[in-house]
Amino acid sequence: MGATREPSYGGAAGGERGMGDPLESISLEAQDADREAQIASVGSIRTIEWHDGEVIMIDQRRLPLEEVYLHCRTWEEVADAIRTMAVRGAPALGVAAGMGMALAARAALPAGAGAPAQFRAELQAASKGLFETRPTAYNLPWALKEMERIWTREDLAPGEVTRAMEQRAVEIYEDDLASCRAIGEYGADLISGESPVILTHCNAGALATAGYGTALGVIRSVYARNPRLHVLVDETRPLLQGARLTAWELTREGISMELITDNMAGYFMSRGIITQVVVGADRITANGDVANKIGTYSVSVLARENGIPFYVAAPFSTVDRSLPDGSTIPIEERAASEVTGFDDMRWAPLGVRVRNPAFDVTPARNVTAIITDRGVAFPPYEESLRRLEG
């Protein structure tokens, strides 16, 4: 897995491969003019892309001090980037998983072209490996299922499977860009007031998606309509995604913001400063319970206590209607080192015992509305989410 400090895509779309090559690249540059215009409209932050047999992603572990891009050429490298949070955010994980499977198909094709069973066995192993990287975000297994529908088709030869998986991976990327735009517009309709002040938690921005963002997609759309918008950004312990990533995005785009520690949110709510809360989601169950970055539940309790609307923004692919409620969502526990220090600095005593759940579950009763790319769901969520599902 290589790294560059600028996205480096050199060469013509499709590289030097001939038109008859079964691995003919489905590159971003080869798409039609409408799609190019759509991508250009999402801004300058390009989180993850497929280009000529590589998955190129910004290394979010290096932000905000360095803008470095990883070039993943195997599914194992994509899995490592997911596991170590070089790429993160539920929608972005779905995009990464789809692209990782496209790389797996490319790698399996030379030996598997004449041995379909071996080809599919290698894809099964890749799917399992990617699935095990992060258990909570629903978009990741959703994307893997989308790809499984292709590679399990016995009517397709391995070369046809490979081409179809590349195409589907790019479609998942494109769909995420479009869905974030739709979420932004639906959400902006809910934000009233001459000078709104929105609190957001963690990073549900362009860096958590293919581009534009979910919660920050709403904020971007509000800002386009009302530049008087101001944003308060929770730092988001323990990995500081708010301080490192959300603050970087908003500052880069000139959107008025201030950074606060997580335990300051209640203070600003009690003073009447915050007018709305907008957060993202990693999984939403059938009843409207929401799994999101640890600390989201606490923010929802404070918002309810202070009568402040609490909005959740996520693509409909984040909704897992197979789970009845949040008690059944698997919650990832991460390394103790994330709590005892950061990078090379340590502030906790040696040998201290640590708990480090990466997510918590906000009950549906604390959620004012769920903003999706298909529309806005209001309580009762069992009914409204079912209607949006169609």
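Basis of the calculations
Residues numbered from 1 in each chain as written. Predicted model: local features only at pLDDT ≥ 70, side-chain atom pairs only at ≥ 80, totals over all residues. Heavy atoms only, no water. Helix = DSSP H or I, 4+ residues; strand = E, 2+ residues; numbered from the N terminus. Contact = heavy atoms within 4.5 Å. Polar contact = N/O pair within 3.5 Å; in protein donor to acceptor, adjacent residues only side chain to side chain. Salt bridge = Lys/Arg side-chain N within 4 Å of Asp/Glu carboxyl O. Buried < 20%, exposed > 50% of the residue type's maximum accessible area, 1.4 Å probe, protein only. Arc of directions from axis to C-beta. pLDDT = per-residue confidence, 0-100. Phe/Tyr/Trp six-rings, centres within 6.5 Å; stacked < 30°, edge-to-face > 60°. Pairing = 2+ DSSP bridges. Axes fitted to C-alpha atoms, helices over the stretch in contact; angles between N-to-C directions.

Overview of the environment of lysine 293
Summarising the element assignment, lysine 293 is placed in strand E10 (residues 290-293). Once the C-alpha coordinates of lysine 293 and histidine 201 are considered, the two residues, 92 residues apart in sequence, prove to be 7.9 Å apart. The residues touching lysine 293, leaving out its near neighbours within four places in the chain, are Arg134, His201, Cys202, Thr236, Gln241, Asp282, Ala358, Phe359 and Asp360. In terms of polar contacts, lysine 293 uses its side chain to reach the backbone carbonyl oxygen of alanine 358, at 3.3 Å.

What about the pattern of salt bridges?
In this structure the tally under the stated criterion is 22 salt bridges. Across the pair arginine 252 and glutamate 67 runs a salt bridge whose closest N-O atoms are separated by 3.1 Å. Of the two residues, arginine 252 is situated in helix H8 (residues 241-253) and glutamate 67 in the loop between strand E3 (54-58) and strand E4 (69-72); the sequence distance between them amounts to 185 residues. A salt bridge links glutamate 132 to lysine 128; the nearest nitrogen and oxygen atoms lie 2.6 Å apart.

Section: helix H12 (residues 381-389)
Within H12 the residues assigned to the buried category are Tyr381, Ser384, Leu385 and Leu388. Looking straight down H12, one finds its buried side chains confined to an arc of 95 degrees; they lie on one side. For H12, the secondary structure elements touched by its buried residues are strand E9 (283-285), strand E12 (319-320), strand E16 (369-372) and strand E17 (375-377). Two residues or fewer past H12, glycine 390 is found with a positive phi of approximately 80 degrees.

Details of the side chain of threonine 296
Secondary-structure assignment places threonine 296 in helix H10 (residues 296-305). What makes threonine 296 buried here is its relative accessible area of 1%. Here asparagine 292 takes part through its side chain, which lies 2.9 Å from a polar atom of the side chain of threonine 296. Dropping the residues within four chain positions of it, threonine 296 is found in contact with His201, Val279, Phe310, Asp360 and Thr362.

So, the confidence of the model for the protein chain
In this model, the protein chain carries an average pLDDT of 88, and 89% of its residues clear a pLDDT of 70 or more. Note on residues 6-42: pLDDT is under 50 here. Beyond four places in sequence and across chains, it has 69 contacts.

Points about the packing of aromatic side chains
A ring pair, where both rings are aromatic, is described by two values, the distance of the centres and the angle of the planes. Taken as a whole and judged by the stated rule, the model has 1 aromatic pair. Relative to phenylalanine 268, the ring of tyrosine 267 has its centre 5.1 Å away and its plane inclined at 80 degrees; by these criteria the two rings are edge-to-face. Residue class for phenylalanine 268 comes out buried when judged on its relative accessible area of 18%.

So, the sheet that holds strand E5 (residues 197-200)
In spatial order, the strands read E7-E6-E5-E8-E11-E16-E17; together these 7 strands make up an open sheet with mixed pairing. Either end of the sheet is taken by a strand with one partner, and the two such strands are strand E7 (257-260) and E17. Looking at each pair of strands side by side, their axes are set apart by 25 degrees on average, direction ignored. In this sheet, E7 lies alongside strand E6 (residues 230-234) in parallel orientation, the contact comprising 4 bridges. When the bridges of E7 are listed, aspartate 234 appears paired with isoleucine 260. Set on the sheet, H8 makes contact with E5, E6 and E7; between it and E6 the angle comes to about 160 degrees.

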